[in-house]
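Listed below are the residues making up each chain.
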Amino acid sequence: MASVSYHISSLLEKMTSTDKDFRFMATNDLMMELQKDSIKLDEDSEKKVVKMLLKLLEDKNGEVQNLAVKWLGGTLYSFHSSILNCLLPQLTSPRLAVRKRAIIALGHLVLTCSGNIFSELTEHLLAELKRNESTSTTRTYIQCVAGISRQAGHRIGEHLEKIIPLIVQYCNVEDDELREYCFQAFESFVRRCPKEIDPHIPNVMGLCLKYITFDPNYNYDNEEEEEEEEMMETENGEDEEQESDDEYSDDDDISWKVRRSAAKCLEAIVSSRHDLLQDFYKTLSPVLISRFKEREENVKADIFSAYISLLKQTLPIQSWLHASDASGKDDVPLTMLQNQVPKIVKALHKQLKEKSIKSRQGCFSLLTELANVLPGCLADHIPALVPGIVFSLADKSSSSNMRIDTLSFLHVLLCNHQPEVFHPHIKSLLPPVVTCIGDPFYKITSEALLVTQQLVKVIRPLDKSCTFDAKPYVKDLFPGTLKRLKAADIDQEVKERAISCMGQIIYNLGDHLSTDLQPTLKIFLERLKNEITRLTTVKALTLIASSPLKIDLRPILGEGFPILASFLRKNQRALKLSTLTALDILVKNYSDSLKPAMIESVLTELPALITENDMHVSQVAIMFLTTLAKVYPSCISKISGSVLAEIFQLVHSPLLQGGALNAIIDFFQALVLTKTATMGYSELMKQLTAPIYSSGSGGASVTLHKQAYYSVAKCVAALSSACPKEAPAIVNQFIQDVKNPKSSSAVKVLAFLSLAEMGRTTNLSAQRELKTVILEAFTSPSEEVKSAASYALGNISVGNLKEYLPFMLKEIGSQPKRQYLLLHSLKEVISSSPADGLKPYVEDIWALLFKHCECTEEGTRNVVAECLGKLTLVNPSELLPRLKKQLSSGSPHARSTVVTAIKFTIADQPQPIDALLKGCIAMFNSAAHNKPSLIRDLLNAVLPSLYNETKVRRELIREVEMGPFKHTVDDGLDVRKAAFECMYTLLESCLDRLDIYEYLNHVEDGLKDHYDIRMLTFIMLARLSTLCPNAVLQRLERLIEPLRATCSTKVKAGSVKQEFEKQDELKRSAMRAVAALLTIPEVEKSPVMAEFSSQIRSNPEMASLFESIQKDSASLPTSESMDMS
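Note that the structure is predicted; figures quoted are calculated from it, not measured.

Novice: So what's going on with helix 26 (residues 492-509)? Residues and values would help.
Specialist: For helix 26, with 18 residues, the first-to-last C-alpha span of 25 Å sits near the 26 Å given by 1.5 Å per residue. Across the 18 residues that make up helix 26, a large majority, 13, are buried. Among the residues of helix 26, the N-terminal cap falls to Asp491, whose side-chain oxygen and the backbone nitrogen of Glu493 are separated by 3.0 Å.

Set out below in structure tokens:
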């Protein structure tokens, strides 16, 4: 025994060593020793060991700390049940402090204890609550239940059915503290067990609404009568009321605690139940508004906060997903809110002049949120609000935060309402705002400059005629802003806002500044030379240059233009883009003041900006060149060959598309019209097509990407439309190229694509050979030539439907071999032609397509489906019902074609067909992605069948013998994959309509499914951990197992390389999901997760994989933000 205690004391001594390795090894050895059964410590040694361990918890070295934590956790694990037995009696201790600590200890225990211990604890609490020995202990037990729910809400869920009725019953006991604890418990249930509390929400809400008005010692009726009287009288009246109140009211009145906890509980309900919005506006909103008069400041703050929560839930989702379906069901809460605005203003506007700063701040926060949710809703109430705003801005006693809040509310108000409503109040609003610009505290100044900038737009809106006279106010606005603009020793934010604000003043009121204008512009020139302020100044100059007041900028252009040109060399991307925009506006609006030398200084900087590495900068640079070509045709001859060379390089780049391509097309058209000698039509044509022709003749392979042919063809067509006289010759040349047997396939592809682009806008029917040439090309050995010819036929038909469409339909009917290509041509016609042009041919096309919708070739069926879908958009009200009828037709092929066709009717832009589509949505994923509004209301009916498709169906799995091997094939995999893809899309667009727990059940199944589906569910899991972390926490134990299994699988030694890669990718994906789970707050308290994390750390392979994932995710946001700059 003595030797054991000697050994342990020597280890304890080593644990105090200065060498971290000694400390680590000694702690490790001690853990090993103590795990042996033969060792029993006496009380003295036990104290020493625990003391030492607690000391090591604060060790400087992370590894030693971890070991101590692990040990303490591990050593306590076996004692959980005795800890519980020791803590439960403490809950009835006569000392309240002891009870409180016991509750905190239990809160920590429930995070890690086993299921049995947790059940034992809840059973005990339930039994005690039912016994209800004394109110004092009942309070403690309810506090304890709330504490457990806050710490481990996901575990208490299954016991809620028994707990809630008891707590509801205690709400009606005449004891304010008890009621407060009841509401705190409800609040934690609502936040932590949303699914289990669901059936009880109406009941809990009813109680909250009842007790939020619970104020037995105070009579509010007197105020109601006085409301009609003068403001001052009311204030005095209230003060007297307060004093007389104090005489009979007891200091022990704690009913405010009940009201506060009820308000907090309501906030929890509002923020977690978006689906009940309409009910909230019916029942909850009026009650909250009536309680804005609450006398207790802390309670009022929570009532405001609950109402702000309600407004935030109502905020329409501003995104492309919902932009197209602005009308519809989502509007109902907004309309209900609109009707309640007068009541809100009535309840708040007097409080804006109260002494209490906290109340005023609450009012402004609420009004700010209101103005954001319903822009324009306060237009009729501006007269009621202005006195309060002015009062808070001018009140010397109020804190700086109070003024900042008032200014930011005023800013939101000015941004979200029409200028006319403010005009009567400018006189009273402007002076206090201008005073704030001169405030010594930089945050107030900065906010005031922002408000002033908005006020300038309001005083004189230039986009509409306005009778309000702005002139008298210039003398208020200008000097204050100028003082801030001149100051060099002020905060960066104030500098930038002063520049922007002055820019706005000159833009809107420049003609009223007379002699002050030029000195101010000189200051801008100084700011342009300063690295810190140059970007903001460039933006302000862009604004001034675009002013309809034609501000005279000549005095600063001579010096300013070369400075702007030098910015194009800088690395800062945002600066380059803003400078190009500024130069563009200056060239458009001030062409007569610019000298050729100025423009040349800019031209030399441009070639470096045109590169495929940054398409957006290239696009803006080329748009600037186009402006130059239009405004200064003479300077175009100075465009160095290098600029053109870069542009041709870009045309031949595979990355060119969209905006940048359109910019180049515009540039070529402008360039050819300048009639510059070396840049005529034939020169440009030659340089455009050179790479394609040269590669053909030399017999070398074509180096250009497929995309480049389309770009070149579009440029050729643009040049030809700018020079119509040259067009027929080039069309002939292309036809000859196609006919010439010696032409390479690249030349033929370019010829067809160019004919397609030209034919779309001009009528090519004069070319008699065209049809035969195209049909011959359909038999070409090259796939590229075939598809280019089919594209050409489609587009040429768009240019002349009468001539070509009947011919095409006839060919489709009579040429089964060329059908696929001809149908592609038809698809081009339907996609590109205007609806009214197509109407006469709809019947013929429809009949023809239905002949082919049962074709055995899947490729052909898909093209037919796309044609049908796009054709339906021509006349939806008639054609959609006909499509629907076909769904009941016999063959599965025909049905699948119709279903695919409906998918093509769902475009992401609003279409007249949307209203009709609701009745027959079949392409679920497409709808969920592009137009969620079509399916939101159908989800209840559709989700069960969607979930059903996620299950593995044994009858669809078959075994195929391949020689000596047996291979299993799962025919249901594609459908399952599609179903999971749908589920993922619904996460983004319809989260509020999903029962997330039901959803998680299917994700759980997917985690154990086939490789492809596991990949999908890992991504879903990562997304879920950010969207609804609480739900994921509740299911953590079931979700971790499949992740652990995936991360620790080993590939068989003799497997092929693909198998290794596949498994590796799967592990990476699973690890990403783990990394996402670890970002959930409080996840580290889960024993399963803690165990898995330590497993990852201890396994070198898993640890290195986890580290690389974390590095990837750490580098992502920064690289994105770099792009933004």
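Novice: Tell me about the pattern of salt bridges, and name the residues and values.
Specialist: Inspection of the entire model under this criterion finds 32 salt bridges. A salt bridge links Arg179 to Glu174, with the shortest nitrogen-to-oxygen separation between them at 3.0 Å. In this structure Arg179 comes out as buried when scored by relative accessible area, which is 1%. Looking at Glu174, the relative accessible area reads 70%, which means it is exposed. Where Glu294 meets Arg259, a salt bridge forms, and the shortest distance between an N and an O atom there is 2.7 Å. Separated by 35 residues along the polypeptide, Glu294 in the loop between helix 16 (277-290) and helix 17 (297-314) and Arg259 in helix 15 (residues 255-272) bring together distant segments of the chain. The same class applies to Glu294 and to Arg259, which are both buried.

Novice: Which residues make up the pairing of strand 1 (residues 957-962), and what values do they have?
Specialist: Bridge analysis of strand 1 against strand 2 (residues 965-970) gives six bridges, and the strand direction is antiparallel. Note that in strand 2 the partner of Ile957 across the bridge is Asp970.

Novice: Please give an account of the nonpolar core that cites residues and values.
Specialist: Ranked by size, the top nonpolar core spans 289 residues in total, and within it Phe186, Tyr307, Phe668, Phe752 and Leu826 carry the most contacts. The residues contacting Phe668, other than those within four sequence positions of it, are Ile647, Phe648, Val651, Leu684, Leu688, Cys715 and Leu719. Judged by nonpolar contacts, the second largest core, of 51 residues, contains Leu986, Cys990, Leu1016 and Ile1109.

Novice: So what's going on with the pairing of strand 2? Which residues, and what values?
Specialist: Burial runs low along strand 2: only zero of the six residues are buried. Counted between consecutive antiparallel strands, the loop separating strand 1 from strand 2 contains two residues, among which Gly963 sits at a positive phi close to 60 degrees.

Novice: Outline the packing of helix 7 (residues 115-131) against helix 8 (residues 135-156), supporting the account with residue identities and numerical values.
Specialist: Interaxial distance between helix 7 and helix 8 falls to 10 Å at its minimum, and their mutual angle equals 150 degrees. Overall, the two elements helix 7 and helix 8 adopt an arrangement that is roughly antiparallel. Helix 7 and helix 8 meet at a crossing whose hand is left-handed. Between helix 7 and helix 8, the residues in contact are Gly115, Phe118, Leu121, Thr122, His124, Leu125, Glu128 and Leu129 and Thr138, Tyr141, Ile142, Cys144, Val145, Ile148, Arg155 and Ile156, respectively. Each residue belonging to the contact of helix 7 with helix 8 can be placed in one class, and the counts come to 10 nonpolar, four polar and two charged.

Novice: Report on unusual backbone geometry, specifying residues and quantitative values.
Specialist: Of all residues except glycine, most have a negative phi; of all peptide bonds, most are trans. One non-glycine residue, Ser514, lies in the positive phi region at around 45 degrees. Looking at where Ser514 falls in the secondary structure, it is placed in the loop between helix 26 and helix 27 (517-528). Ser514 sits in the exposed class, given a relative accessible area of 58%.

Novice: Describe the confidence of the model for the chain, naming the residues involved and giving the relevant values.
Specialist: If pLDDT is low for a region, its predicted coordinates should not be looked at in detail. Residue-level pLDDT values for the chain average 79, and 87% of them are 70 or greater. Across residues 318-329, confidence stays below pLDDT 50; counting only partners more than four residues off in sequence or on other chains, it has 19 contacts. Low pLDDT (under 50) marks residues 696-702, which in the prediction has six contacts with non-local residues, meaning those over four places away or in another chain.

Novice: Could you give me a rundown of helix 53 (residues 1011-1027), with the residues and numbers involved?
Specialist: Taking 1.5 Å of rise per residue, 17 residues should cover 24 Å, and helix 53 covers 25 Å from first to last C-alpha, within 8% of that figure. Looking only at helix 53, the buried set comprises Ile1013, Arg1014, Met1015, Leu1016, Thr1017, Phe1018, Met1020, Leu1021, Leu1024 and Ser1025. Buried residues along helix 53 sit in contact with helix 51 (973-989), helix 52 (996-1006), helix 54 (1029-1034), helix 55 (1036-1047) and helix 56 (1057-1078).

Novice: So what's going on with the environment of Ser272? Which residues, and what values?
Specialist: Within the secondary structure, Ser272 is located in helix 15. Once the C-alpha coordinates of Ser272 and Arg191 are considered, the two residues, 81 residues apart in sequence, prove to be 7.1 Å apart.

Novice: Just give me the short version of the packing of aromatic side chains, but keep the residues and values in it.
Specialist: With the rule as written, the count across this model stands at 11 aromatic pairs. Judged by centre distance (5.7 Å) and plane angle (10 degrees), the rings of Phe468 and Tyr473 are stacked. Taken together through their ring pairs, the aromatic side chains of Phe183, Phe186, Tyr211 and Phe214 make up a single cluster. When the ring centre of Phe214 is taken as origin, the NZ or CZ atom of Arg179, which lies over that ring, is 4.9 Å away.

Novice: Quick one: what's the story with the packing of helix 27 against helix 28 (residues 534-545), residue by residue and with numbers?
Specialist: One way to put it is that helix 27 packs onto helix 28 with a least axis distance of 8 Å and a crossing angle of 140 degrees. Here the hand of the crossing between helix 27 and helix 28 comes out left-handed. Across from Leu521, Phe524, Arg527 and Leu528 in helix 27, the residues of helix 28 making contact are Arg534, Thr537, Val538, Ala540, Leu541 and Ile544. Taken together, the residues of the contact of helix 27 with helix 28 sort by class into seven nonpolar, one polar and two charged.

Novice: Provide a residue-level description of the side chain of Lys1067, including the pertinent values.
Specialist: The topology assignment puts Lys1067 in helix 56. Here Lys1067 falls in the buried class, since its relative accessible area comes to 8%. Of the polar contacts made by the side chain of Lys1067, one reaches the side chain of Glu1101; its length is 3.3 Å. The residues contacting Lys1067, other than those within four sequence positions of it, are Thr1046, Cys1047, Thr1049, Glu1101 and Leu1105.

Novice: Let's hear about the environment of Ile444: which residues, and what values?
Specialist: Positionally, Ile444 belongs in helix 24 (residues 442-459). Under the relative-accessibility criterion, Ile444 is labelled buried at 1%. Ile444 sits 11 residues away from Val433 along the chain, and the two C-alpha atoms are 9.8 Å apart. The residues contacting Ile444, other than those within four sequence positions of it, are Ser400, Arg403, Ile404, Leu407, Cys436 and Asp439.

Novice: So what's going on with the side chain of Ser782? Residues and values would help.
Specialist: Looking at the element boundaries, Ser782 is found in the loop between helix 39 (770-777) and helix 40 (783-799). Under the relative-accessibility criterion, Ser782 is labelled buried at 17%. At 3.2 Å, the side chain of Ser782 and the backbone nitrogen of Val785 are in polar contact.

Novice: Describe the environment of Val49, and please don't skip the residues or the numbers.
Specialist: Following the sequence through the fold, Val49 ends up in helix 3 (residues 43-56). Counting along the chain gives 41 residues from Val49 to Ile8, while the straight-line C-alpha distance between them is 8.7 Å.

Parameters and conventions
- Residues numbered from 1 in each chain as written.
- Predicted model: local features only at pLDDT ≥ 70, side-chain atom pairs only at ≥ 80, totals over all residues.
- Heavy atoms only, no water.
- Helix = DSSP H or I, 4+ residues; strand = E, 2+ residues; numbered from the N terminus.
- Expected span 1.5 Å × (residues − 1).
- Buried < 20%, exposed > 50% of the residue type's maximum accessible area, 1.4 Å probe, protein only.
- Polar contact = N/O pair within 3.5 Å; in protein donor to acceptor, adjacent residues only side chain to side chain.
- Salt bridge = Lys/Arg side-chain N within 4 Å of Asp/Glu carboxyl O.
- Pairing = 2+ DSSP bridges.
- Core = buried A, V, L, I, M, F, W, Y, C linked by side-chain atoms within 4.5 Å.
- Contact = heavy atoms within 4.5 Å.
- Axes fitted to C-alpha atoms, helices over the stretch in contact; angles between N-to-C directions.
- Parallel < 35°, antiparallel > 145°, perpendicular 65-115°, else oblique.
- Left-handed = near helix turned anticlockwise from the far one by under 90°.
- Nonpolar A, V, L, I, M, F, W, Y, C, P; charged D, E, K, R; others polar.
- pLDDT = per-residue confidence, 0-100.
- Phe/Tyr/Trp six-rings, centres within 6.5 Å; stacked < 30°, edge-to-face > 60°.
- Lys NZ or Arg CZ within 6 Å of the ring centre and 35° of its normal.

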